[in-house]
Amino acid sequence: MSKLWGGRFTKQTNRLVEEYTASIGFDKALAEEDVQGSLAHVTMLGKCGIVPEEDVEKIKEGLHTILQKIRRGELEYSVADEDIHMNIEKQLIDEVGPVGGKLHTGRSRNDQVATDMHLYLRKRVIEFAGLLQNLQEALLGQAKANLDTIVPGYTHLQRAQPILFAHHLMAYVSMFQRDIERLQDSYKRINVLPLGAGALAGTTFPIDRHFVAEQLHFDGAYENSLDAVSDRDFIIEFLSNASMIMMHLSRLSEELVLWSSTEFRFIELDDAFCTGSSIMPQKKNPDVPELVRGKTGRVYGNLMGLLTVLKSLPLAYNKDMQEDKEGMFDTVATLQGALQLFAPMIATMKVNKERMREAVNQDFSNATDIADFLVGKGLPFRQAHEVIGKTVLYCIQHGKYLLDLSLEEFKQFSPLFDDSIYQVLQPETVVNARNVYGGTASGQVAAAIGRAERKLESGRAWVQEYEEKSK
C-alpha cells in the first residue's frame with residue numbers, strides 16, 4: 001500500500017473518498033508549524049534515548065531542508081498524502097530514507113495537528129495585537145489633531161449633544177484596547193502544548209513533554225490527553241475575539257460611510273482607499289469600509305460554524321474536527337486584510353472641521369445645557385425639561401435655533417433666563433462643561449489621549465516580547 005497507514009487495508013482508497021477527506025488543500029498553511037513541532041519532537045526523542053542520536057541528526061537535517069523548500073514555495077503537496085503531516089513525513093522519508101519514519105514515534109496526527117494550530121494561532125494573536133495598535137496609533141493621531149474640533153454627538157442617529165471629534169475617536173481607541181487585552185488574555189490558553197498526548201491516551205514511550213514545551217516556548221502541557229487532542233476552545237475563543245474586532249471595525253466603517261457622504265461631509269477618505277463608478281464619473285465610493293462592514297458576516301459565520309461542528313462530538317478526536325481549519329484560516333485572512341487597510345486609511349483621512357462646526361450651530365444639541373442652567377437657578381429638573389421642550393418647539397415653528405433667540409423670547413418661557421444664557425449655549429462651553437473623568441471636555445480628552453498612549457507603549461512592548469518567544 002502507498003499510504004503510510006496502509007498496512008491494515010487490502011484495497012486502495014476510493015479516489016472520491018481521497019479527494020473528499022483530504023485537507024492538504026488548506027492545512028498546508030500549517031507547513032512551517034508542522035516542521036517546527038517535528039524538530040522539537042525529534043530532539044526530545046534523542047534526548048530521551050528513544051531514537052539514536054545519529055538518526056535524530058539525519059531527521060533534523062531533512063526537516064531543515066524541507067523547511068527551506070516551504071519558505072521558497074518549492075514543496076510539492078499531494079492529495080494522496082491527505083494532510084500536511086503525511087505530506088511532510090512522506091517528503092522526509094524521500095529525503096533521508098526509511099529513518100525518517102522514526103519521526104512519528106511517540107505521537108499521533110491527533111496531537112500533532114493540535115500542536116500545529118496552537119503554534120499557528122499563537123503567532124496570529126501577536127500579529128493582530130500589533131495591527132490593532134497600529135490602528136490605535138492612527139486614531140490617536142487624528143484625535144490629537146482634533147482636540148478643538150466640535151461635532152454633533154448622536155443617540156438614535158439623532159443629534160444629541162456637542163462633543164469633541166477627538167472624544168468620538170477615542171471611544172474606538174478604547175474598544176480596540178479591549179480587543180487587544182482579550183487577545184493577550186487568550187494567549188495563555190493558546191500557549192499550552194498538546195504534543196505527547198498521542199491519539200488520545202498518551203504513549204508507551206518514555207517521552208518528556210515538558211522538554212518539548214520548553215523547546216517550543218509553551219508555558220506548559222495539557223494535563224489530560226483526551227482534552228489535549230479534542231480541545232478546540234482556543235480556536236473558538238480566537239474566532240469570538242475576531243468577531244468582536246470585526247464588529248468594532250464595522251461600527252467605525254458605518255460612521256466613515258456616513259461621514260463621507262454629501263449629506264454629512266464631515267470627512268474625506270484618501271483616494272487610495274476609495275474607488276469610482278463604472279458609469280457615474282463623479283462618484284467616490286468608500287469601498288474599503290463598506291467591504292469590511294460586509295466581511296464581518298463571514299467572520300461571524302466561521303464562529304457559528306465551528307461551534308456547530310463541536311456541539312455534539314464525543315471525546316476524543318473525530319474527523320468532523322477537520323472542519324476547524326478553513327474557517328480559522330479565512331478569519332485570519334479577513335481580519336488581517338481589514339486591519340492592514342484601516343490604520344493607513346484613518347491616518348490619511350481629512351477632517352472637515354468647518355462643516356462639523358456648521359452642523360453643531362444648526363441643531364438643538366445644546367438644549368440640555370439650558371435645562372442645567374435653569375436647574376442651577378433653582379428650578380426642578382422636570383420643570384426645566386418642560387420649559388426647554390417648549391422653547392425648542394417655538395424655535396422649530398419659527399425657523400430659528402436657540403442662539404438666534406432674543407432674551408425677550410427666552411423670557412417668554414421662564415423669567416429665570418438672563419444674558420449669561422448666550423455663553424452657556426456656546427458649543428465650546430457646552431463641551432467643556434462635561435469636565436468629568438471620561439467626559440468630552442478638552443482637558444479630559446487630552447488626559448485620555450495621554451493614558452491611551454501609555455497603554456499603547458506598554459502594548460508594543462508586549463508584542464515585541466512575545467514575538468521573540470514565539471520564534
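Keep in mind it's a predicted model, so treat the numbers as computed, not measured. (Residues numbered from 1 in each chain as written. Predicted model: local features only at pLDDT ≥ 70, side-chain atom pairs only at ≥ 80, totals over all residues. Heavy atoms only, no water.)

Moving on, we come to the overall build of the protein. When helices and strands are counted, the protein shows 19 helices and six strands. By the compact-globule yardstick of 23 Å for 471 residues, the protein is too spread out, its C-alpha radius of gyration being 30 Å. Based on the C-alpha atoms only, the size of the protein along its principal axes is roughly 100 × 50 × 40 Å. Burial statistics for the protein: of 471 residues in total, 50% are counted as buried. Summed over its atoms, the accessible surface of the protein is roughly 22,200 Å², and 52% of this surface lies on carbon and sulfur atoms. Each charge sign in the protein was given a centre, from 52 positive and 65 negative side chains, and these centres are 2 Å apart. (Helix = DSSP H or I, 4+ residues; strand = E, 2+ residues; numbered from the N terminus. Rg over C-alpha atoms; globule rule 2.2 N^0.38 Å. Buried < 20%, exposed > 50% of the residue type's maximum accessible area, 1.4 Å probe, protein only. Areas by Shrake-Rupley, 256 points an atom, 1.4 Å probe, with all protein chains shown as cover. Lys, Arg positive; Asp, Glu negative; His and termini not counted. Charge placed at Lys NZ, Arg CZ, Asp CG, Glu CD.)

Among the structural elements, K353 can be located in helix α13 (residues 353–361). Of the residues examined, K353 reaches a relative accessible area of 31% and is grouped as partly exposed. Along the chain, K353 and D111 lie 242 residues apart, while their C-alpha atoms are 57 Å from each other. Once residues within four sequence positions are removed from consideration, K353 is found in contact with A145, N146, D148 and T149. (Contact = heavy atoms within 4.5 Å.)

Of all hydrophobic cores here, the largest spans 117 residues; its most connected members are L249 and L256. Once residues within four sequence positions are removed from consideration, L256 is found in contact with I267, L269, P289, F342, M345, I346 and M349. Core analysis: the second largest hydrophobic core is formed by 20 residues, I370, C395, L402 and V424 among them. (Core = buried A, V, L, I, M, F, W, Y, C linked by side-chain atoms within 4.5 Å.)

Evaluated as defined, the whole model comprises 31 salt bridges. The partner of E74 in a salt bridge is R72, with the nearest N and O atoms 3.0 Å apart. On the basis of relative accessible area, E74 is assigned to the partly exposed category, the value being 45%. One continuous salt-bridge network, built from bridges that share partners, spans D185, K188, R189 and E237. (Salt bridge = Lys/Arg side-chain N within 4 Å of Asp/Glu carboxyl O.)

The feature "domain: Argininosuccinate lyase C-terminal" (unreviewed entry), as annotated in UniProt, sits at residues 364–432 in this numbering. Secondary structure within residues 364–432 divides into 62% helix and 0% strand; the distance between the first and last C-alpha atoms comes to 17 Å. (UniProt positions renumbered as here; feature names shortened; annotations may be inferred.)

Further remarks concern the packing of helix α5 (residues 84–96) against helix α6 (residues 109–145). The N-to-C vectors of α5 and α6 enclose an angle of 105°; their axes lie 10 Å apart at closest approach. Regarding the angle of α5 to α6, the classification is roughly perpendicular. Where α5 approaches α6, its residues I84, H85 and M86 are matched on the opposing element by R109, Q112, V113 and D116. Here the contact of α5 with α6 is composed, by residue class, of three nonpolar, two polar and two charged. (Axes fitted to C-alpha atoms, helices over the stretch in contact; angles between N-to-C directions. Parallel < 35°, antiparallel > 145°, perpendicular 65-115°, else oblique. Nonpolar A, V, L, I, M, F, W, Y, C, P; charged D, E, K, R; others polar.)

In this structure the tally under the stated criterion is 14 aromatic pairs. On the basis of an interplanar angle of 45° and a centroid distance of 6.2 Å, the ring pair of Y154 and F264 is categorised as tilted. Of this pair, Y154 sits in strand β1 (residues 150–155) while F264 sits in the loop between α10 (233–259) and β5 (267–268), placing them 110 residues apart in sequence. On the basis of relative accessible area, F264 is assigned to the buried category, the value being 17%. Through pairs of rings, three or more aromatic residues link up here, namely F373, F410, F417 and Y422. Directly above the ring of Y120 sits R124, whose terminal nitrogen or CZ lies 4.7 Å from the centroid. (Phe/Tyr/Trp six-rings, centres within 6.5 Å; stacked < 30°, edge-to-face > 60°. Lys NZ or Arg CZ within 6 Å of the ring centre and 35° of its normal.)

The pairing of β1 with strand β2 (residues 158–164) spans six bridges and is antiparallel. Residue pairing in the sheet places G153 in a bridge with Q161 of β2. Here β1 folds back onto β2 in antiparallel fashion, the turn holding two residues, of which H156 has a positive phi close to 55°. (Pairing = 2+ DSSP bridges.)

Moving on, we get to the environment of N285. Positionally, N285 belongs in the loop between β5 and α11 (287–310). Distance in space between the C-alpha atoms of N285 and F273 is 8.9 Å, their sequence separation being twelve residues. Apart from residues no more than four positions distant in its own chain, N285 is found in contact with C274, T275, G276 and S277.

On to the packing of α11 against helix α12 (residues 325–347), then. Their axes nearest at 10 Å, the elements α11 and α12 cross at an angle of 155°. Judged on the interaxial angle alone, α12 and α11 are roughly antiparallel. Regarding α11 and α12, the two cross each other, and that crossing is left-handed. Where α11 approaches α12, its residues V288, P289, V292, K295, R298, V299 and N302 are matched on the opposing element by G327, D330, T331, T334, A338, L341, F342 and M345. Residues of the contact of α11 with α12, tallied by class, amount to eight nonpolar, four polar and three charged. (Left-handed = near helix turned anticlockwise from the far one by under 90°.)

Here we come to α11. End to end, α11 covers 35 Å across 24 residues, agreeing with the expected 34 Å (1.5 Å per residue, within 8%). Listed in full, the buried residues belonging to α11 are V288, P289, V292, T296, V299, N302, L303, L306 and L310. The inward-facing, buried residues of α11 abut α10 and α12. (Expected span 1.5 Å × (residues − 1).)

Moving on: helix α19 (residues 442–470). A rise of 1.5 Å per residue sets the reference length of α19, with its 29 residues, at 42 Å; its end C-alpha atoms lie 41 Å apart and thus fit the reference within 8%. The set of residues buried in α19 consists of Q444, V445, I449, G450, A452, L456, G459, W462, V463, Y466 and S470. Lining the buried residues of α19 we find α3 (31–47), α6, β2 and α7 (165–190).

This part covers the side chain of Q136. Here Q136 lies in helix α6. Aside from chain neighbours lying at most four places away, what touches Q136 is V173, F176, Q177, I180 and L456.

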